[in-house]
Amino acid sequence: EEEFKWLLQEEVHAVLRQLQDILKEASHRFALPTSGSGGAVKQENFVLSTSGTDQVKGVMTLQGDALCQADVNLKMPRNNQLLHFAFREDKQWKLQQIQDARNHVNQAIYLLMNRDANYQFKTGLEVLKLMDAVMLQLSRARNRLTTPATLTLPEIASSGLTKMFTPVLPPDILVNFYINLNKLCLTVYQLHMMQPSTTKNFKPAGGSVLHNPGAMFEFGSQRYEVSHVHKVECVVPWLNDALVFFTVSLQLCQQLKDKISVFSSYWNYRPY
């Protein structure tokens, strides 16, 4: 009984402090303020490429959760023509996955800070509920980075991203940016316009993170088929840090839950 009381009064608070410290570090990774710049978020340049092919190359500038510049070169396989397109100067693209992950981290920090050091936990169940709530936010934060959205090709075609480039993207090119784990990814789809008289069976593709050649869709009054897919990516080091912090935090939460459960089962099954 004394040991359980000590666990509730001392060790739980020590773990909560540790979790707060780790998650504040994770939260800082998302903000990336530069020293002496009044809290402005620094810009980082990333070169996106794939080994063994130079079909697509891109230089992206990431500022927190926003892509503020994108410069893409695309070599067309049909005629080796080189296309170049970049973001318009007045445009930037918000990466919703990063924004959502940061919001979930901040929500977890809020839950932990809601009880100060003098707060007395009365029961193990109270601690378990708090850990479950924190773990839910951390799992959601991690899932936002590890699970990109599944989109249909018409959704990609109608996305605001297609209107951000200069020169304007040709109608047979689609692009999509997303985060996958610790990587910033760019997918370029080259399309083949299907003739209205084509005898090919038309079967629209559903939602997917990455569509394969042969996927078909209708946009406007035109039917298209994906002819080539190019995916380039690069590692974003601070996203890697954040994912490590999430894993460590989830393990700490689980360890505390396990300790509480051991004591709870002792009380439930102790002989009278």
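So, how was this worked out
- Residues numbered from 1 in each chain as written.
- Predicted model: local features only at pLDDT ≥ 70, side-chain atom pairs only at ≥ 80, totals over all residues.
- Heavy atoms only, no water.
- UniProt positions renumbered as here; feature names shortened; annotations may be inferred.
- Helix = DSSP H or I, 4+ residues; strand = E, 2+ residues; numbered from the N terminus.
- Rg over C-alpha atoms; globule rule 2.2 N^0.38 Å.
- Contact = heavy atoms within 4.5 Å.
- Areas by Shrake-Rupley, 256 points an atom, 1.4 Å probe, with all protein chains shown as cover.
- Lys, Arg positive; Asp, Glu negative; His and termini not counted.
- Charge placed at Lys NZ, Arg CZ, Asp CG, Glu CD.
- Salt bridge = Lys/Arg side-chain N within 4 Å of Asp/Glu carboxyl O.
- Buried < 20%, exposed > 50% of the residue type's maximum accessible area, 1.4 Å probe, protein only.
- Phe/Tyr/Trp six-rings, centres within 6.5 Å; stacked < 30°, edge-to-face > 60°.
- Lys NZ or Arg CZ within 6 Å of the ring centre and 35° of its normal.
- Pairing = 2+ DSSP bridges.
- Axes fitted to C-alpha atoms, helices over the stretch in contact; angles between N-to-C directions.
- Parallel < 35°, antiparallel > 145°, perpendicular 65-115°, else oblique.
- Left-handed = near helix turned anticlockwise from the far one by under 90°.
- Nonpolar A, V, L, I, M, F, W, Y, C, P; charged D, E, K, R; others polar.
- Core = buried A, V, L, I, M, F, W, Y, C linked by side-chain atoms within 4.5 Å.

The name that an unreviewed UniProt entry assigns to the protein is Protein rogdi homolog, with the source organism given as Cardinalis cardinalis. Listed in UniProt under the heading Sequence similarities (unreviewed entry), the comment for the protein reads: "Belongs to the rogdi family."

### A few points about the overall build of the protein
A count of helices and strands for the protein gives five helices and ten strands. Computed over its C-alpha atoms, the radius of gyration of the protein comes to 25 Å, more than 25% above the 19 Å expected for a compact globule of 272 residues. For the protein, the spread of C-alpha atoms along the three principal axes comes to 85 × 50 × 35 Å. Residue pairs at least 24 apart in sequence account for 65% of intrachain contacts in the protein once pairs closer than 6 positions are excluded. In the form shown here, the protein has an accessible surface area of approximately 14500 Å², with 51% of it arising from carbon and sulfur atoms. If the 27 positive side-chain charges of the protein are averaged to one point and the 24 negative ones to another, these points end up 5 Å apart.

### Observations regarding the pattern of salt bridges
Scanning all chains against the criterion turns up ten salt bridges. In this structure, aspartate 241 and arginine 29 form a salt bridge, with 3.0 Å as the shortest nitrogen-oxygen distance. In this pair, aspartate 241 is assigned in helix α5 (residues 237-269) and arginine 29 in helix α1 (residues 2-31), connecting sequence segments 212 residues apart. Given the relative accessible area of 31%, aspartate 241 is considered partly exposed.

### Examining the packing of aromatic side chains
Evaluated as defined, the whole model comprises seven aromatic pairs. Ring geometry for phenylalanine 30 and tryptophan 238: centres 5.7 Å apart, planes at 80°, overall edge-to-face. Taken together, the residues phenylalanine 30 in helix α1 and tryptophan 238 in helix α5 connect sequence positions 208 residues apart. Aromatic side chains phenylalanine 85 and phenylalanine 165 sit 5.3 Å apart centroid to centroid with 90° between the ring planes, which places their arrangement in the edge-to-face category. Of this pair, phenylalanine 85 sits in strand β4 (residues 82-87) while phenylalanine 165 sits in strand β6 (residues 165-166); the two residues are 80 residues apart in sequence, bridging distant segments of the chain. Take phenylalanine 85: its relative accessible area is 3%, and that puts it in the buried class. Grouped by ring-pair contacts, the aromatic residues Phe85, Phe87, Phe165 and Phe177 constitute a single cluster. Directly above the aromatic system of tyrosine 119 lies the positively charged group of lysine 122, at a separation of 6.0 Å from the ring centroid. Across the ring face of phenylalanine 202, the terminal group of arginine 223 is positioned such that the distance to the ring centre comes to 3.9 Å.

### Details of the side chain of histidine 13
Take histidine 13: it is sitting in helix α1. Judged by its relative accessible area of 5%, histidine 13 falls in the buried class. Once residues lying within four places of it in the same chain are set aside, the contact partners of histidine 13 are Leu8, Asp116, Ala117, Tyr119 and Phe121.

### Comments concerning the pairing of β4
The side chains of a regular strand alternate between the sheet's two faces. One ladder, built from five bridges, connects strand β3 (residues 66-75) with β4; its direction is antiparallel. If you follow leucine 74 over to β4, its bridge partner there is leucine 83.

### Comments concerning the packing of helix α2 (residues 96-113) against helix α3 (residues 124-146)
In the contact formed by α2 and α3, the axes pass within 8 Å of each other and the chain directions differ by 165°. Relative to α3, the element α2 is oriented roughly antiparallel. Considering how the two elements wind past one another, α2 and α3 form a crossing that is left-handed. Residue-level inspection shows Gln96, Gln97, Ile98, Asp100, Ala101, His104, Val105, Gln107, Ala108, Leu111 and Leu112 of α2 in contact with α3, the latter providing Leu130, Met131, Ala133, Val134, Gln137, Leu138, Arg140, Ala141, Arg144 and Leu145. Of the residues that constitute the contact of α2 with α3, the class distribution is 13 nonpolar, five polar and three charged.

### What to know about the nonpolar core
Counting 68 residues, the largest nonpolar core has Phe30, Phe177, Leu186 and Phe246 as its most contacted members. Here this core takes twelve residues from α5, the largest share from any one element. The residues contacting leucine 186, other than those within four sequence positions of it, are Leu48, Val56, Met60, Val72, Val175, Asn176, Phe177, His230, Lys231 and Val232. Counting ten residues, the second largest nonpolar core, distinct from the first, contains Ala157, Leu174, Leu191 and Ala215.

### Considerations on the pairing of strand β8 (residues 183-193)
Most of β8 is tucked away: eight of the eleven residues are buried. Sheet analysis places strand β7 (residues 173-180) next to β8, joined by eight bridges and oriented antiparallel. Among the inter-strand pairings, isoleucine 179 is bridged to a residue of β8, identified as leucine 184. The hairpin turn running from β7 into β8, its antiparallel successor, is two residues long, and leucine 181 in that turn takes a positive phi close to 60°. Pairing of β8 with strand β10 (residues 222-235), which is carried by eleven bridges, proceeds in the antiparallel orientation. Note that in β10 the partner of histidine 192 across the bridge is glutamate 225.

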